[in-house]
Amino acid sequence: MSDDHATTYLSDYKQSDYVLETTELDVVFAPDEMDVKAKLTFSLREGTAPGQTLKLDGERMELVSISVDGHPLEESEYIVTDKSLEVSSPPEKFVLETVVRLKPEANKSLEGLYRSSGVWCTQCEAEGFRRITYFYDRPDVMSVFTVRMEADKSDAPVLLSNGNPVESGDLDGNRHFAVWHDPHPKPSYLFAMVAGDLAHISDEFTTSSGKHVDLAIYVEHGKEGQCAWAMDSLIRSMKWDEERFGCEYDLDVFNIVAVSDFNLGAMENKGLNIFNDKYILSDPQTATDQDYENIEAIIAHEYFHNWTGNRITCRDWFQLCLKEGLTVFRDQEFTSDERSRAVKRIEDTRDLRAHQFAEDSGPLSHPPRPNQFKEINNFYTATVYEKGAEVVRMILTYLGKDTFRKGMDIYLERHDGDAAVIEDFVKCFEDASGKDLSHLQKWYTVAGRPEINVSHSYDAENKRLSVTLAQTNKATPNDAEKEPKFIPIRFGLVSNNGVDLNWNSVSGAQVEGDLMIMDQAEHHVVFEGVSSKPTLSLFREFSSPVSVKSDLTMEDKLNLARLDNDPFNRWDSLQNVALDILVPAAKVGGEDPSPQDLGKLADAFRAILIDDDVDNAFKALALALPSQIVLAEHVGTDIDPERVYDVRRMSLSAIASMIEPELAAAYKSLVDDADYSPDAASAGKRALKNQCLGLLLAADDEKGSQVAVAQYHEAANMSDRSAALGALASAGHPAAKEVLAHFRENYCDNILVFDKWLSLNAIMPDSAALDRVKSLMDDPQFNIENPNRVRSLVGAFASNQVQFGRRDGASFEFITGLVADIDTRTPQLAARLLTMFRSFKKYESTRREAARSALENLKNDSKLSPDCTDILERTLNG
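Values in this document were obtained by computation on a predicted structure and should not be read as measured data.

A.B. asks: Talk me through the overall build of the protein chain; I want residue IDs and the actual numbers.
C.D. replies: Each helix and strand counted, the protein chain has 27 helices and 33 strands in total. Scaling as 2.2 N^0.38, a compact globule of 878 residues should have a C-alpha radius of gyration of about 29 Å, and the protein chain matches this with 28 Å. Counting only C-alpha atoms and orienting by the principal axes, one finds that the protein chain spans roughly 90 × 65 × 60 Å. Counting only carbon and sulfur atoms, one obtains 46% of the accessible surface of the protein chain, whose full area is about 33000 Å². Mean positive and mean negative side-chain charge positions of the protein chain (93 and 145 charges, respectively) differ by 3 Å.

This is the structure:
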């Protein structure tokens, strides 16, 4: 393994010795080697002793020349290593000029400056700019950038960078240039350049103050027709951010470029967002409803960063959740307003529990703001993003919407142009509310999640409800002893007719309206004057990211699923009933679920299915059992993925069989020949129809498969087509093979559709899955250097719990071998693949030791990157 992975500590933060005032770049694009000229204006930071060595970050480039104030430096006046450039004792104010030589065509890491399908583009977050020129590559060093770009017109008729275009023109020899100037100081990670032969669509937006903004989305030629939804999403995002948070756009242009080779989903570079084309391109024949929603959300997320991330950035990478958690919260709110707030909350919680909870419970656990790291690229995690968003939401829940908005206004005004820290953010809400929020701030700095145990009793004679709440905070890596958390709990006391009951008085906890605060290890809360025995509804709207164990009976939970006026808790109560039934059975040696219990769950499914007052999208979510990943997380230890799969599958089949007539009737009523629309109502209708289809297949695989095959061939859009094929594939139905072959032959000329086909092959739970995945890597369209192809095939295979977790360990060996290969080119992608093993210690012993053996073999690879070394060490040692 690499030994180049020293630990960085938050406590060691120190400002740079020099202030970087302006950055001027002159970039001449060429096919193989190309030069970047940099002119950097520095001044000694106030309070710093003169004569300090200037140390800049830089790697994987050749230094051609270097000068200070126009005078070339002698070799004795500077030191170049493979990681830095040091200039000894520069003046207190000076201009450093360098020329470096790059090889973007050979750069397969997809960091820094590289070439994707003939287009030069950049990816600088977190530490990619140091591969473009020598620089203070850290988020707290902000300067005003001016960039001159030059290229051959045939290779790159389009030249884009951050900020506003200020000059362009033709040069001799079929060449041209463009100059871009960004008036807003920014850190290097927000720098972007794109040069290539691209088509585009354009539109415009007028801000609330009357400012005209030109909008454009650039894509490969021939794909312009797939950009309309992305542009519509952008315009709606700009308008929403003005109305909801008062955030107005601040440049003359806003450009988006979609590229096919990208490590991430998208990047919020100031005025020039660069996107994975998966999150831009859509039309009804190639994109599903989920694709449309993802495009809408990610367009919004990156645009919202213009204020929460760009105008206000983070002081250091430990504060990453300050920009990401807050912006995830903002994009969640946008989707909630554009679609269904209840459905969005359920989807976000479902995904948090499936991914972040597993992260919290394993060796890769860390706080939203960690206090140390070895490789920052490995902290772009569900904890930083999604749990970070949950902390922001708890502040909103505790303070209320109006006070929260006041706090946001203070933050946006006070820290505009700053590189901020978490404490700055929280202080704004303290000033807005007059409340001490230090207790909530601890959510940012402590790993893991509280487990809440709830017990209660009702005294009918005295009309008294007593509730005991106890929280446990388990040890996590580097954090054994923990204080109780501050936990906002939205709640209700649900009567037999679904109306929330009132009370005369309450003691034992701070309670205001429907909000209860838990801030001690244990609370004994007593409600006096409760007129009848209620069913306790806690953590409505998922008001805090915790796990809950309660003494509610199955009947209590079924009552909540039927009567609770909080949609989230209706859904969650059904999930909890399913978990109560399935988890004991899914354990090694567990008994199969009883028909009686499954019948009760089936009755609840039926009631929701036939309820005309319930939203279709909500129904689709409510009719789904917990995923195999969630079931395994609840089993906890000695997991046998085959047993978990079998229990879930047999339960699904039993439940579906009991409600087959209602499913068939619902499915038939939802078939719609209308033209495709991605709006929420239409998407919800399709979601329910396709959920019914999956249940019909589980109820009767012969009849259900006939319906699925018919839907596949008759489908007028990719949502219905891929849903039908997905139902067959995930069930491992024999008909899937033939339909998959038809899909490959007829629809996979589009590379993003090909990705769907790869995933559908990978999720089939049959014993041939591993060999099939290996063979698909030889498909002419598969490119192991493209992250989308790898994630679609190998990432999907990891979700195939039975075949990834094969007892013989063959899949573990395959994945670790693949990681070692990919790591030689694209370390970020390899490290993310390695996180598949984060829960390996929870397997039963045979699988656990097989996974450990594969990881230990990988550990012996002396060439492993710092990215993979970090994940591997924490996974094995945690």
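That was the structure; now back to the text.
A.B. asks: Explain the packing of helix H17 (residues 701–714) against helix H19 (residues 735–747) residue by residue, including any values.
C.D. replies: Where H17 contacts H19, the axes come no closer than 11 Å and their chain directions differ by 5 degrees. When the interaxial angle is binned, H17 and H19 end up roughly parallel. Contact residues: H17 offers Val-709, Tyr-712 and His-713, while H19 offers Ala-735, Val-739, His-742, Phe-743 and Tyr-747. Classifying every residue of the contact of H17 with H19 by side-chain character gives six nonpolar, two polar and no charged.

A.B. asks: Residue-level account of the nonpolar core, with values.
C.D. replies: By size, the foremost hydrophobic cluster in this structure holds 173 residues, and its most contacted members are Phe-29, Phe-42, Ile-280, Phe-425 and Leu-469. Looking at which element gives the most residues to this core, the answer is helix H5 (residues 382–399), with 10 residues. Membership of the second largest hydrophobic core comes to 120 residues, among which are Trp-571, Leu-725, Phe-782 and Leu-793.

A.B. asks: Describe in detail the sheet that holds strand S19 (residues 253–259), supporting the description with residues and values.
C.D. replies: Judged by pairing direction, the sheet is mixed, and its five strands sit side by side in the order S17-S18-S19-S21-S20 without closing on themselves. Unpaired on one side and paired on the other, strand S17 (199–206) and strand S20 (266–267) mark the two borders of the sheet. Across two bridges, the pairing between S20 and strand S21 (residues 272–276) is antiparallel. Bridge pairing in S21 links Ala-266 to Phe-275.

A.B. asks: Can you lay out the environment of Leu-320 for me, pointing to particular residues and giving the numbers?
C.D. replies: Looking at the element boundaries, Leu-320 is found in helix H3 (residues 320–338). With 56 residues separating them along the chain, Leu-320 and Ile-376 place their C-alpha atoms 9.5 Å apart. When residues no more than four places from it in sequence are discounted, the contact partners of Leu-320 are Glu-125, Phe-379, Tyr-380 and Val-384.

A.B. asks: Residue-level account of the packing of helix H9 (residues 554–563) against helix H10 (residues 567–586), with values.
C.D. replies: Between H9 and H10, whose axes approach to 7 Å, the crossing angle comes to 150 degrees. Classed by the angle they form, the pair H9 and H10 counts as roughly antiparallel. In terms of crossing hand, the pair formed by H9 and H10 is left-handed. Contacts between H9 and H10 involve Met-554, Lys-557, Leu-558, Leu-560, Ala-561 and Arg-562 from the former and Arg-570, Ser-573, Leu-574, Asn-576, Val-577, Asp-580 and Ile-581 from the latter. Within the contact of H9 with H10, the residues separate by chemical class into seven nonpolar, two polar and four charged.

A.B. asks: Any details on the pattern of salt bridges? Residues and values, ideally.
C.D. replies: In total, this model carries 82 salt bridges according to the counting rule given. The partner of Asp-137 in a salt bridge is Arg-130, with the nearest N and O atoms 2.9 Å apart. For Glu-324, the salt bridge is made with Lys-323, and the minimal N-O distance between the two is 2.6 Å. Note on accessibility: Glu-324 and Lys-323 belong to one class, buried.

A.B. asks: Please provide a residue-by-residue account of the sheet that holds strand S8 (residues 84–87), values included.
C.D. replies: Where strands meet in a sheet, backbone hydrogen bonds hold them as pairs that are either parallel or antiparallel. Reading across the sheet, the three strands line up as S4-S8-S7 and stay open at both edges, with antiparallel pairing between neighbours. On the outer flanks of this sheet lie strand S4 (54–57) and strand S7 (78–80), each paired with one strand and no other. In this sheet, adjacent strand axes meet at a mean angle of 10 degrees when their direction is disregarded. Looking at chain direction, S4 and S8 are connected through four bridges and run antiparallel. By the bridge assignment for S8, Lys-55 is matched with Glu-86.

A.B. asks: Residues and numbers for the environment of Asp-12, please.
C.D. replies: Relative to the elements of secondary structure, Asp-12 occurs in the loop between strand S1 (8–9) and strand S2 (18–28). Looking at Asp-12, the relative accessible area reads 54%, which means it is exposed. Taking C-alpha positions, Asp-12 is 9.7 Å from Gln-372, a pair spaced 360 residues apart along the chain.

A.B. asks: An account of H5 is needed here, citing residue identities and associated values.
C.D. replies: The first and last C-alpha atoms of H5 sit 25 Å apart over 18 residues, in line with the 26 Å expected at 1.5 Å per residue. Taken from the residues just after H5, Gly-400 is the one with a positive phi, measuring 95 degrees.

A.B. asks: Would you mind going over the packing of aromatic side chains in detail, with residue names and values included?
C.D. replies: Overall, the coordinates contain 42 aromatic pairs when judged by the stated rule. Residues Phe-491 and Phe-527 carry aromatic rings whose centres are separated by 5.7 Å and whose planes lie at 50 degrees to one another, so their mutual orientation is tilted. One end of the pair, Phe-491, is in strand S27 (residues 487–494); the other, Phe-527, is in strand S31 (residues 522–528), and 36 residues separate them in sequence. The exposure class assigned to Phe-527 is buried, which follows from its relative accessible area of 0%. Judged by centre distance (5.7 Å) and plane angle (45 degrees), the ring pair of Phe-542 and Phe-568 falls under tilted.

A.B. asks: Which residues make up the pairing of strand S11 (residues 119–123), and what values go with them?
C.D. replies: For S11, the tally of buried residues reaches five of five residues, placing the bulk of the element in the interior. Alternating residues of S11 divide into Val-119, Cys-121 and Gln-123 and Trp-120 and Thr-122, and every residue in both groups is buried. As defined by bridge partners, strand S10 (residues 112–116) adjoins S11 across five bridges and the pair is classed as antiparallel. Across the sheet, residue Gly-112 finds its bridge partner in S11, namely Gln-123. The antiparallel hairpin formed by S10 and S11 contains two residues in its connecting segment, where Ser-117 sits at a positive phi of about 50 degrees. Taken together, the two bridges between S11 and strand S16 (residues 193–196) define a ladder with antiparallel strand orientation. Bridge pairing links Cys-121 to Val-194 in S16.

Analysis parameters
- Residues numbered from 1 in each chain as written.
- Predicted model: local features only at pLDDT ≥ 70, side-chain atom pairs only at ≥ 80, totals over all residues.
- Heavy atoms only, no water.
- Helix = DSSP H or I, 4+ residues; strand = E, 2+ residues; numbered from the N terminus.
- Rg over C-alpha atoms; globule rule 2.2 N^0.38 Å.
- Areas by Shrake-Rupley, 256 points an atom, 1.4 Å probe, with all protein chains shown as cover.
- Lys, Arg positive; Asp, Glu negative; His and termini not counted.
- Charge placed at Lys NZ, Arg CZ, Asp CG, Glu CD.
- Axes fitted to C-alpha atoms, helices over the stretch in contact; angles between N-to-C directions.
- Parallel < 35°, antiparallel > 145°, perpendicular 65-115°, else oblique.
- Contact = heavy atoms within 4.5 Å.
- Nonpolar A, V, L, I, M, F, W, Y, C, P; charged D, E, K, R; others polar.
- Core = buried A, V, L, I, M, F, W, Y, C linked by side-chain atoms within 4.5 Å.
- Buried < 20%, exposed > 50% of the residue type's maximum accessible area, 1.4 Å probe, protein only.
- Pairing = 2+ DSSP bridges.
- Left-handed = near helix turned anticlockwise from the far one by under 90°.
- Salt bridge = Lys/Arg side-chain N within 4 Å of Asp/Glu carboxyl O.
- Expected span 1.5 Å × (residues − 1).
- Phe/Tyr/Trp six-rings, centres within 6.5 Å; stacked < 30°, edge-to-face > 60°.

Read these as geometric descriptors, not functional statements.
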